[in-house]
Amino acid sequence: MLAFAMIFHFLVDALCGSTMLWHVVEDLPDKAFELVMLYNALAFATQVFTGWLADRVKHDRWLWLVSIVLLISGATGALIWPWLATVLLGLGNSLFHVSAGREVIRHYAHRGKGRACELGLFVAPGALGIGLGCMFPTELYIISLGGFFLTLTPFLWIWPAETPETEVEEKSEPIDVQSLLAAIVMTFCVFCRAASGFCTEAPWKVSTVLSILCFVLVMGGKMAGGFSGDRYGHWVTGITALVISWALFAFGGGNVVVGLSAQFIANLMMAITLYILVKLYPSSPGLMFGLAAAVLFPGSLMQLLPHHGMIFNIAYLLAAISFGVAWWLCHKRKLCS
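*Asks:* Summarise the side chain of serine 300; cite the residues concerned and give the values.
*Replies:* Position of serine 300 relative to the elements: it lies in helix α15 (residues 296–300). The buried category is assigned to serine 300, whose relative accessible area is 12%. A distance of 2.6 Å separates the side chain of serine 300 from the backbone oxygen of phenylalanine 297, its partner in a polar contact.

*Asks:* Residues and numbers for the pattern of salt bridges, please.
*Replies:* Counted by the stated rule, this structure contains five salt bridges. Aspartate 55 is paired through a salt bridge with arginine 102; the nearest N and O atoms lie 2.7 Å apart. Placement of the pair is aspartate 55 in helix α3 (residues 47–57) and arginine 102 in helix α5 (residues 82–109), with a sequence separation of 47 residues. Across the pair, exposure class does not vary: aspartate 55 and arginine 102 are buried alike.

*Asks:* Please set out the packing of aromatic side chains residue by residue, giving values where relevant.
*Replies:* The full count for this structure, using the stated rule, is 15 aromatic pairs. Ring geometry for tryptophan 64 versus phenylalanine 96: centroids 6.1 Å apart, planes at 70°, classification edge-to-face. One end of the pair, tryptophan 64, is in helix α4 (residues 60–76); the other, phenylalanine 96, is in helix α5, and 32 residues separate them in sequence. Like tryptophan 64, the residue phenylalanine 96 is buried in the burial classification. Measuring from centroid to centroid gives 6.1 Å for phenylalanine 122 and phenylalanine 289, while their planes differ by 50°, and the two rings are tilted. A residue pair is termed long-range when its members are at least 10 positions apart, and phenylalanine 122 in helix α6 (residues 117–135) and phenylalanine 289 in helix α14 (residues 285–294) qualify at 167 residues. What makes phenylalanine 122 buried here is its relative accessible area of 1%. The exposure class of phenylalanine 289 is buried, given its relative accessible area of 6%. Taken together, Phe4, Phe8, Trp64, Phe96, Phe122, Phe148, Phe155 and Phe289 form an aromatic cluster joined through their ring pairs.

Scoring rules and cut-offs
- Residues numbered from 1 in each chain as written.
- Predicted model: local features only at pLDDT ≥ 70, side-chain atom pairs only at ≥ 80, totals over all residues.
- Heavy atoms only, no water.
- Helix = DSSP H or I, 4+ residues; strand = E, 2+ residues; numbered from the N terminus.
- Buried < 20%, exposed > 50% of the residue type's maximum accessible area, 1.4 Å probe, protein only.
- Polar contact = N/O pair within 3.5 Å; in protein donor to acceptor, adjacent residues only side chain to side chain.
- Salt bridge = Lys/Arg side-chain N within 4 Å of Asp/Glu carboxyl O.
- Phe/Tyr/Trp six-rings, centres within 6.5 Å; stacked < 30°, edge-to-face > 60°.

Laid out in structure tokens, this is it:
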């Protein structure tokens, strides 16, 4: 199941990125900004609502298939109805992430001792998919659309057993100030991590090879974060990644090697923050996944603010300090290991 989820995640983001840039934006260049903003709002901001919906429906596999139908419909109809295609792609993307992500969470993070590595493995391919899809829209449109049909056939034929709901997902947690504070801090950290891709210097953008290397390192950071958290502790990994990446961004982000290293280390937080969220509120895996994804959109908008570089450095430092405070509170109350 995890392998299918990873492959589909790459294909989903590659198809959305390539379709938006090759068909939708190219057909309506004067509406490019509005179309991209509409897509991002639907694909990311709505995940709070689709995640909440997935927690109520409790049929992740069928929602997963519905999302694929929406995505293929949007991609194939983009030449004729660009605005409708944007809506279908955005909603399909949103529904895929929360449904597939919810099943990965329930299968791995909620069973046994719980692990974060699989959360990172699932999310990571999307970074490479969207990067390559935006860089090579023509090629990736054809590859990803064909890949959908090639992957969907064995997926439907094999139909991996769907993870059943567990007792922990059927009961609601009492409202707790420490848990709520920790959840807010995790969300703020995700917001800052999203902003790091837009508000920091990006010397690698002058080269196609370096840009691809950046996407690979971002993907690698998302994967490595879960493994590092499972091995050395999730809170330790999170605070270490925050502090080191902040220092690298603040004092050496203009250097290619330092900047790329900062992107890799910053993305170690992805699996960690998601894991802590779903452990804090285990009865709402879809909502927690959606919450972590929803703030990626406003995080990307920080670049529109005046003096966004300075604002980002201050916010990122506050995130590191707040993360440490949340760590202390949760360990004091034994809310999340």
